[in-house]
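Given next are the chains, with one letter for each unit.
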Amino acid sequence: MIANRHIIDTQKVSSLTLGQVVTAVAGAIKSAPRLGDLSVRELASMSVTGDDPVGIYIFGDESGNILYLGKTHGRSLHERMVSHLDSREPIIGSPHLAQFVSSQVKVNPDITRSEAVENILDMRMLWLPIPKGSTPTPEYKKKVALTERKLLWRKSLNPRFNSPRVKTNSSITIAGERYELEETMPLFTACK
């Protein structure tokens, strides 16, 4: 399932159902590299090879617990990881800046923002590139958002530090279209 030490082989999971992908990810996260152990070259590897570095990243621990899940839309993976290590208080108008640090401090007020950054560096990280194919840009963004929401759904990975509100609904609306979520649906295709 792993093409590189932190990159999930999209070809191997593209035919799996959401439930099968969740099982595979929970098993793979246990031995995935820690974010702090990845080199800049590894984090930027999708950009270096010319592949589109857009997709879903998953943080977890060696027990297979999923801690956080996010997507990259307009940023590459390496840009997104650096933004998660920013320990400043979030700035109004920049909702993603320091959000991961803040979510840890909110869950455990006894830790400092610096300790939260250290926690992130110690987390295991997997990267799931989203295949672009010939899909036009608005449809591709919808595909990335839908894949993220499928994985955030409470019957899926259920990360500890993501907002609980995105995990409770069995249906979601993206760009005005409603989608029903099921464990047997394919990961990358739309569901109505």
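Just so you know, these numbers come straight off a predicted model, no measurement behind them.

(A) Looking closely at the overall build of the protein. Each helix and strand in the protein was counted, giving eight helices and five strands. Looking at the protein residue by residue over its 192 residues, the buried ones come to 48%. Considering only residue pairs separated by 6 or more positions, the protein has 64% of its internal contacts joining residues 24 or more positions apart. Accessible area for the protein stands at about 9,600 Å²; split by element, carbon and sulfur atoms hold 51% of it.

(B) Spotlight on the packing of aromatic side chains. For the coordinates displayed, the defined rule picks out four aromatic pairs. Note on Tyr 68 and Phe 100: the rings are 4.0 Å apart at their centroids and 20° apart in plane angle, and the pair reads as stacked. Linking Tyr 68 in strand β2 (residues 66–72) with Phe 100 in helix α6 (residues 99–107), this pair joins segments that are 32 residues apart in sequence. On the accessibility criterion, Phe 100 (0% relative accessible area) is buried. Members of the aromatic cluster, connected to one another through ring pairs, are Tyr 57, Phe 59, Tyr 68, Phe 100 and Phe 161.

(C) Quick peek at the sheet that holds strand β1 (residues 55–60). Taken in spatial order, the three strands of this open sheet run β2-β1-β3, and their pairing is antiparallel. Two strands close off the open sheet at either side, each with one partner strand: β2 and β3 (124–129). Between one strand axis and the next, the sheet turns through 20° on average, direction left out of account. Relative to β3, β1 is paired through six bridges, and the arrangement is antiparallel.

(D) Main features of α6. All of the buried residues in α6 are Phe 100, Val 101, Ser 102, Ser 103 and Gln 104. Against the buried residues of α6 lie β1, β2, α5 (77–84) and α7 (113–122).

Definitions and limits used
- Residues numbered from 1 in each chain as written.
- Predicted model: local features only at pLDDT ≥ 70, side-chain atom pairs only at ≥ 80, totals over all residues.
- Heavy atoms only, no water.
- Helix = DSSP H or I, 4+ residues; strand = E, 2+ residues; numbered from the N terminus.
- Buried < 20%, exposed > 50% of the residue type's maximum accessible area, 1.4 Å probe, protein only.
- Contact = heavy atoms within 4.5 Å.
- Areas by Shrake-Rupley, 256 points an atom, 1.4 Å probe, with all protein chains shown as cover.
- Phe/Tyr/Trp six-rings, centres within 6.5 Å; stacked < 30°, edge-to-face > 60°.
- Pairing = 2+ DSSP bridges.
- Axes fitted to C-alpha atoms, helices over the stretch in contact; angles between N-to-C directions.

The analysis is restricted to geometry; functional conclusions fall outside its scope.
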